[in-house]
Every structure is written in C-alpha cells, then in structure tokens.
Amino acid sequence: MSSDHRLYAYLNEEFLPLESTYLHVSDLAIQRGYGIFDFFKTQNGHPLFLDDYLDRFFNSAQLMNLEVPLSAGDLKAAITRLIQMNGLGDSGVKMILTGGYSENGYNPGPPNLIMIEQPLTLPSEAQQAAGIKIITHEYVRELAEAKTINYTMGIRLIQKVKAQGADDVLYHQNGVVSEFPRSNFFIVRADNTLVTPTKEILKGITRKNVLELATRKYKVEEGTVTLEDIAQAKEAFMTSTTKRILPIVAVDGKPVGDRKPGEMSLKLLRDLIQLEEAQVGAL
C-alpha cells in the first residue's frame, strides 16, 4: 500500500478520514478503560467468518451492559462500505464499542461505535518453521469471556517477555493454564490427543475453527491444562485471527517436545489455510 493511500474509519454512522477520527476525552474508554472490541480479517476484500465475530461482539457488549447501536444487518452493511472505501484487499478490521461520553467520568453514556481497517501482516513461513518461545505469568483476566479493551497486564509484561528472549506470555493460575493476552493455547499430549483450556478464556474464532478441523482427524478435548501437562506435551501452539496457528517450541526456557514445530500443528495450519481459502471462494 502506498504511503498516500487514504484510509477511512467509521464513527457513529459517519465515514471519516482515519487521521481525523477522534473521540472526546470524556469517553469512558479514555477515563476508565471501559469498552469492548472485536477484530476480524479480510482476504481479497472479503471478511472471513464474519458471523462468528459479530456474534462474539454482541455477546461481549451484553456482558459489559453496552448496547450496540446498530443491528447485525446494519453493522454488516457498514463493514461492507468501509472495506469498499478503503480498497485494501487483505486487512484487519477492528470494531470498538466504548462506554460513551460520561458527564462525571464514571457513569456510561450512549456507546460510541468505531471501526478501523488497516493492512494486515500474517506470520511468515520462516516464523512458522522456527516456532516461538513463550514465558508464563500468574494472572486471570477479569470477565475473560468478554473481549474487553483492558489489556493492561499483557502490555505491562511486554518488557519482561523481551528481556527473557521470548515472543509472548501465557497466563495461568496455580499452575492451571488459560490463555495468552491475544491468543488461545493448545497442546498435543503424548497419546496424540489435542487439548485446549476451556475456563477463564476468550473463546477465539480461530480456536473454534481449529477444534472443528481437528475433530475430523484426531482425539480432541476441551478441559484443564496445567504447566505440568505442557512439560510432558509433544507439541504446543497458539491460535488467533492474525497468527492462525503458531507453533511453540519452548516455555520458560524449557523445550516443548523436540523443540521443533510439531507434525499435528503444521497439518492443522494447512487445513486452516484451506478453510479460509474455501470461505473466500464461497463468497
């Protein structure tokens, strides 16, 4: 994309140049960090798995007592127009719903709905082939099933992750693993069972797709995963909209399996890419 390509954003039924789309300082997203969001990607201008993302967006809003000002149909129409205006092809679209402009800095006002679309870079083949290293941290997100804008802990830990030569941080409580700040977590046990945590997590759309794909070929469980389970695992990987499936080769400096991306991880990645391509072909 050229540097002079103008991008547009959506704010409360208006389409505005991205560089001049603003919220007032009284918004509870600014005052108190109160709001929700969701994020999906487009391929060749087509949103992938949009209905799933919209369902989660409306569910997060309900959990946070926020009312989405558009119906699902009107929101889809606005998304379509934004994508057409920006003409990016492959992109990421973020929908944000804030607590609104507050008279006293605490009580919500009518929510503000924002959408922004920007170019998207997916992990390279080299990253997939090498895998990533992660560390762990004891923490559980508040209201984990809602995709809120509160990423305080993950951002606080960025320097610690870098200092330990790692790429991300996996949350756990008393040794029971939950999720990453922006991704879900899977392991492959020694008996080739694929397992993913089910409590205190945001249920990712990529996670859902991977579970559906894996069930066709492998034994799959949603349940408890512990740090000890990771130490015994053959493989581990993370899933997210932007990362797809990213193999994990070390946790807290200790190798996972043979410290190489595992066979099941890479096969599921190929299946996921095919599923995404089929989505575009069906649109």
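Details of the structure are given in the entry above.
What counts, and where the lines are drawn
Residues numbered from 1 in each chain as written. Predicted model: local features only at pLDDT ≥ 70, side-chain atom pairs only at ≥ 80, totals over all residues. Heavy atoms only, no water. Helix = DSSP H or I, 4+ residues; strand = E, 2+ residues; numbered from the N terminus. Rg over C-alpha atoms; globule rule 2.2 N^0.38 Å. Buried < 20%, exposed > 50% of the residue type's maximum accessible area, 1.4 Å probe, protein only. Contact = heavy atoms within 4.5 Å. Areas by Shrake-Rupley, 256 points an atom, 1.4 Å probe, with all protein chains shown as cover. Lys, Arg positive; Asp, Glu negative; His and termini not counted. Charge placed at Lys NZ, Arg CZ, Asp CG, Glu CD. Axes fitted to C-alpha atoms, helices over the stretch in contact; angles between N-to-C directions. Parallel < 35°, antiparallel > 145°, perpendicular 65-115°, else oblique. Left-handed = near helix turned anticlockwise from the far one by under 90°. Nonpolar A, V, L, I, M, F, W, Y, C, P; charged D, E, K, R; others polar. Salt bridge = Lys/Arg side-chain N within 4 Å of Asp/Glu carboxyl O. Pairing = 2+ DSSP bridges. Polar contact = N/O pair within 3.5 Å; in protein donor to acceptor, adjacent residues only side chain to side chain. Phe/Tyr/Trp six-rings, centres within 6.5 Å; stacked < 30°, edge-to-face > 60°.

Participant: Account for the overall build of the protein chain, with residues named and values stated.
Facilitator: Per the secondary structure count, the protein chain includes nine helices and 15 strands. Taking 2.2 N^0.38 as the reference for a compact globule, 283 residues should give roughly 19 Å; the C-alpha atoms of the protein chain span a radius of gyration of 19 Å, in line with that estimate. When its C-alpha atoms are laid out on the principal axes, the protein chain stretches across 55 × 45 × 35 Å. Across the 283 residues in the protein chain, those meeting the buried criterion constitute 49%. Counting only contacts in the protein chain whose residues sit at least 6 apart along the sequence, the fraction spanning at least 24 positions is 71%. For the protein chain, the accessible area works out to roughly 14100 Å², and carbon and sulfur atoms hold 48% of it. Measuring between centres, the 30 positive side-chain charges of the protein chain sit 6 Å from its 35 negative side-chain charges.

Participant: Could you give an account of the packing of helix H7 (residues 205-215) against helix H9 (residues 263-282), naming the residues involved and the relevant values?
Facilitator: Packing of H7 against H9 leaves a shortest axis separation of 10 Å and a crossing angle of 110°. With respect to H9, the axis of H7 lies roughly perpendicular. As for the relative orientation of H7 and H9, their crossing is right-handed in sense. Of H9, the residues touching H7 (which contributes Thr206, Asn209, Val210, Leu213 and Ala214) are Leu268, Asp271, Leu272 and Leu275. Residue composition of the contact of H7 with H9, grouped by class: six nonpolar, two polar and one charged.

Participant: Can you break down the pattern of salt bridges residue by residue, with the values?
Facilitator: Taken as a whole and assessed by the stated rule, the structure comprises eleven salt bridges. Sharing partners across several salt bridges, the network here consists of Lys41, Arg244 and Glu276.

Participant: Hey, could you go over the pairing of strand E2 (residues 14-17) for me, with residue numbers and the actual values?
Facilitator: As defined by bridge partners, strand E1 (residues 8-11) adjoins E2 across four bridges and the pair is classed as antiparallel. Within E2, the position partnered with Leu11 by the bridge is Glu14. Hairpin connection, E1 to E2: the antiparallel pair is bridged by two residues, and Asn12 has positive phi, about 50°.

Participant: So, the environment of Tyr10: which residues are in play, and what are the values?
Facilitator: Note that Tyr10 resides in strand E1. As a C-alpha pair, Tyr10 and Arg81 span 71 residues in sequence and 9.6 Å in three-dimensional space. Discounting chain neighbours no more than four positions away, the residues touching Tyr10 are Phe15, Leu70, Ala78, Leu82, Leu113, Ile114 and Met115. A distance of 3.0 Å separates a polar side-chain atom of Tyr10 from the backbone nitrogen of Glu13.

Participant: Pulling in residues and values, what's your account of the sheet that holds strand E6 (residues 113-119)?
Facilitator: Two modes of strand pairing occur in sheets, parallel and antiparallel, and in both the strands are linked by backbone hydrogen bonds. Taken in spatial order, the six strands line up as E2-E1-E6-E5-E3-E4 in an open sheet, and their pairing is antiparallel. One side of each edge strand has no neighbouring strand; the edge strands of this open sheet are E2 and strand E4 (46-47). Here strand E3 (residues 35-43) runs beside E4; their pairing, made up of two bridges, is antiparallel. When the sheet's bridge partners are listed, Thr42 is paired in E4 with Pro47. Taken strand by strand, helix H2 (residues 50-63) contacts E3, E4, strand E5 (91-98) and E6, and its axis lies near 175° from that of E3.

Participant: Pulling in residues and values, what's your account of the side chain of Ser60?
Facilitator: Mapped onto the fold, Ser60 is located in helix H2. A relative accessible area of 0% means that Ser60 is categorised as buried. Leave out the neighbours within four places in its chain, and Ser60 touches Ile36, Glu145, Ala146 and Lys147.

Participant: Quick one: what's the story with the pairing of strand E13 (residues 235-240), residue by residue and with numbers?
Facilitator: Two faces, one strand: in a regular strand the side chains alternate between the faces of the sheet. With respect to burial, E13 is a largely interior element, six of its six residues being buried. Judged by which residues are buried, E13 turns out to be covered on both faces: Glu235, Phe237 and Thr239 on one side and Ala236, Met238 and Ser240 on the other are all buried. As paired strands, strand E10 (residues 184-188) and E13 are joined by five bridges and run antiparallel to one another. In the sheet register, Phe185 faces E13, and the bridge partner there is Met238. The hairpin turn running from E13 into strand E14 (residues 244-251), its antiparallel successor, is three residues long.

Participant: Which residues make up the packing of aromatic side chains, and what values do they have?
Facilitator: Under the criterion given, the structure shown has seven aromatic pairs. For the ring pair Phe57 and Phe58, a centre distance of 6.3 Å and an interplane angle of 85° mean the geometry is edge-to-face. On the basis of relative accessibility, which here comes to 0%, the residue Phe57 falls in the buried class. Between the aromatic rings of Phe186 and Phe237, the centroid separation amounts to 4.9 Å while the plane-to-plane angle is 10°, which identifies the pairing as stacked. With Phe186 in strand E10 and Phe237 in strand E13, this residue pair connects regions lying 51 residues apart in the sequence. Residue classification places Phe186 among the buried residues on the basis of a relative accessible area of 0%.

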